[in-house]
Amino acid sequence: MRALNVYTKSREQFARAEKVIPSGVYGHLGPAEGCFIPVEAFPFFSERASGTYFWDVDGNRFIDYMCAFGPNVLGYNDPDVDEAARKQAELGNCVTSPSTRMIDFAELLVDTVHTADWAFFAKNGNDVTTMAVMAARAYNHRKKIVFFKGYYHGISPWTQKMDYPGILEEDVRHNIYVDWNDFEGLAKVFEENRGQIAAVISQPYMHGNFADNEFPKEGFWQKVRKLCTETNTVLVIDDVRAGFRMDLAGSDHYFGFEADLICFCKALANGYNVSALCGKDFLKNTVSSLSYTGSYWLSAVPFAAGIACIEKMKRLDMPKILIEKGARLKDGLIEKAEKFGFDLRVSGMPSLFYLRIADDPTLMLHQEWVAECVKRGVFFTNHHNHFINAALSDEDIAETLAVAEEAFEVVRKRHPKEV
């Protein structure tokens, strides 16, 4: 059995943090969010990162399957991306007049993303999903937005629910919710709200949390595309999480249809802070009309990093590499689970996979197994997609499977299988 990680310094740093930062660590990374349960199994703070690993403040090394919740696609501290960023930093970053790197980056995205006639840059995924909804409403002068249940499109009030703290009825009054893959339900909603729906916004496949991921049914997206075209409704694809991990031309291209607007962020620049909204030419003037910007949205260093990242992803045929690595990991994890009598479900794209031990509907067994993996140096989380990066080696996958097997054995001993 491997020695288990100790997190003494992490706890000391968290005690400092909670005095001056709400929740100590907030968002998905916080111990109160449900992804780190039991909290004693997880580190709270990192010290450094390289390739597919990060080290916490206690010196524990982790094979990282969260990849900073997605931005690490090539490997932490990728030399090509970091060198491009360094060279640009020597010239300038946040300057009164923007660098022409912005144009270079936009041209590259238009050349890369199938549906893109233009690109607009911001910082976070939430920035561009919000802009997409604003653009749709400005274009057709309608209010209502259709979501598929299980969605996540950011943290602005329009993306949240009526019972969430700080959310007003006015924030979500025009939201309509439809079951994923239910085209008949979607068509009914369109009929009931004829001429009122500004946009349909969706992930390319359902990759929400706390549930197995689900691909679109055959022909689903083609029917949705036709319905939106016929009703002058803007079709928005939120590719913030899946973007470039399925298809460098966009996840809509992977499934054989074209979005009107498509949102990118996580894998766009290998950790440098930039997001992009890309879209069709007929929406270009509408986007130009919006009052929408930010203090650092024209920073040149992330543009240079994004150019280097996309160019390297093209050279490597990145989606193919990530899917192949993820498939090997998936097959190995299922085999280790079966050895100890667990029904491990691995759903979604292998490059963006979701884990669930299906033997226990309370998910407690799953949380125990994840905790045992993390304590042994393999960083999974309980109820979120996991990410593959290009730096993950065959040796890393083998080590992961060995840790997973040991963790399954520990949990099985703790919970003997009933015959």
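Below you will find a few notes about this structure. (Residues numbered from 1 in each chain as written. Predicted model: local features only at pLDDT ≥ 70, side-chain atom pairs only at ≥ 80, totals over all residues. Heavy atoms only, no water.)

Focus: the overall build of the chain
Tallying secondary structure elements over the chain gives 13 helices and 13 strands in all. A globule of 419 residues ought to have a C-alpha radius of gyration of about 22 Å, and the chain, at 22 Å, matches this closely. In terms of its C-alpha atoms, the chain occupies a principal-axis envelope of roughly 60 × 55 × 45 Å. Within the chain, residue pairs in contact and separated by at least 24 positions form 74% of the contacts whose partners lie at least 6 positions apart. A total of about 18,300 Å² of accessible surface is found on the chain, and carbon and sulfur atoms cover 52% of it. Between the centroid of the 46 positive side chains of the chain and the centroid of its 57 negative side chains there is a distance of 1 Å. (Helix = DSSP H or I, 4+ residues; strand = E, 2+ residues; numbered from the N terminus. Rg over C-alpha atoms; globule rule 2.2 N^0.38 Å. Contact = heavy atoms within 4.5 Å. Areas by Shrake-Rupley, 256 points an atom, 1.4 Å probe, with all protein chains shown as cover. Lys, Arg positive; Asp, Glu negative; His and termini not counted. Charge placed at Lys NZ, Arg CZ, Asp CG, Glu CD.)

Let's talk about the environment of Leu268
Counting through the fold element by element, Leu268 comes out in the loop between β9 (261-264) and β10 (275-279). Distance from Leu268 to Phe303, taken between C-alpha atoms, is 9.5 Å for residues 35 residues apart in sequence. Beyond its immediate chain neighbours, meaning those up to four positions away, Leu268 contacts Phe105, Leu109, Phe244, Val274, Ser275, Ala276, Gly306, Cys309 and Ile310.

Structural notes on the state of the cysteines
This structure, assessed with the given rule, holds 0 disulfides. Cys228 forms no disulfide, and the closest cysteine sulfur to it belongs to Cys263, at a distance of 14 Å. There is no disulfide at Cys278, and the cysteine sulfur nearest it, in Cys263, is 8.9 Å away. For Cys278, a relative accessible area of 0% translates into the label buried. (Disulfide = S-S within 2.5 Å. Buried < 20%, exposed > 50% of the residue type's maximum accessible area, 1.4 Å probe, protein only.)

Some remarks on the nonpolar core
By size, the foremost hydrophobic cluster in this structure holds 100 residues, and its most contacted members are Leu109, Trp221, Trp369 and Phe380. The leading source of residues in this core is helix α10 (residues 300-316), at 8 residues. Among residues more than four places away in sequence, those in contact with Leu109 are Ala116, Ala119, Phe121, Phe244, Leu268, Ala276, Cys278 and Ile310. (Core = buried A, V, L, I, M, F, W, Y, C linked by side-chain atoms within 4.5 Å.)

As for the sheet that holds strand β1 (residues 46-50)
If you trace the 4 strands from one edge of the open sheet to the other, you get β1-β2-β3-β13, paired in mixed fashion. Pairing within the sheet leaves two strands with one partner each, and these edge strands are β1 and β13 (378-379). Of the strand pairs in this sheet, β1 and strand β2 (residues 53-56) are connected by 4 bridges, and their pairing is antiparallel. Opposite Ala49, over in β2, you have Phe54 as the bridge partner. Here helix α13 (residues 394-414) sits on the sheet and contacts β2, β3 (61-64) and β13; the angle it forms with β3, its principal contact strand, is near 105°. (Pairing = 2+ DSSP bridges. Axes fitted to C-alpha atoms, helices over the stretch in contact; angles between N-to-C directions.)

Examining the pattern of salt bridges
Here the structure, examined in full by the defined rule, presents 27 salt bridges. Taking the shortest distance from any N to any O, the salt bridge between Glu83 and Arg86 comes out at 2.6 Å. Residue Glu83 and its partner Arg86 are both found in helix α2 (residues 79-91); the two are separated by 3 residues, about one turn of the helix. Among the residues examined, Glu83 registers a relative accessible area of 31% and is labelled partly exposed. Here Arg86 falls in the partly exposed class, since its relative accessible area comes to 40%. Here Asp179 makes a salt bridge to Lys149, at a shortest N to O gap of 3.3 Å. With Asp179 in the loop between β6 (175-178) and α6 (183-192) and Lys149 in the loop between β5 (144-148) and α5 (169-172), the pair connects residues that are 30 residues apart, well separated along the chain. Classification of Asp179 as partly exposed rests on a relative accessible area of 40%. Several salt bridges converge on common partners, so that one network encompasses Arg2, Glu368, Glu372, Lys375, Arg376, Glu406 and Arg414. (Salt bridge = Lys/Arg side-chain N within 4 Å of Asp/Glu carboxyl O.)

Thoughts on a nonpolar patch on the surface
A contiguous nonpolar surface patch, about 340 Å² in accessible area, is contributed by Val20, Ile21 and Tyr26. Looking at the secondary structure, you find Val20 in helix α1 (residues 8-20). We classify Val20 as exposed; its relative accessible area is 69%. (Patch = residues over 30% accessible without salt bridge, like charges linked within 9 Å, V, L, I, M, F, W, Y side chains within 5 Å.)

Observations concerning the packing of helix α3 (residues 101-112) against α10
In contact at an axis separation of 9 Å, α3 and α10 are set at 30° when each is read in the N-to-C sense. For the element pair α3 / α10, the angle class is roughly parallel. Judged by the sense of rotation from one axis to the other, the crossing of α3 with α10 is left-handed. Seen from α3, the contacting residues are Arg101, Met102, Asp104, Phe105, Leu108, Leu109, Asp111 and Thr112; seen from α10, they are Phe303, Ala304, Gly306, Ile307, Ile310, Glu311 and Lys314. Grouping the constituent residues of the contact of α3 with α10 by class yields 8 nonpolar, 2 polar and 5 charged. (Parallel < 35°, antiparallel > 145°, perpendicular 65-115°, else oblique. Left-handed = near helix turned anticlockwise from the far one by under 90°. Nonpolar A, V, L, I, M, F, W, Y, C, P; charged D, E, K, R; others polar.)

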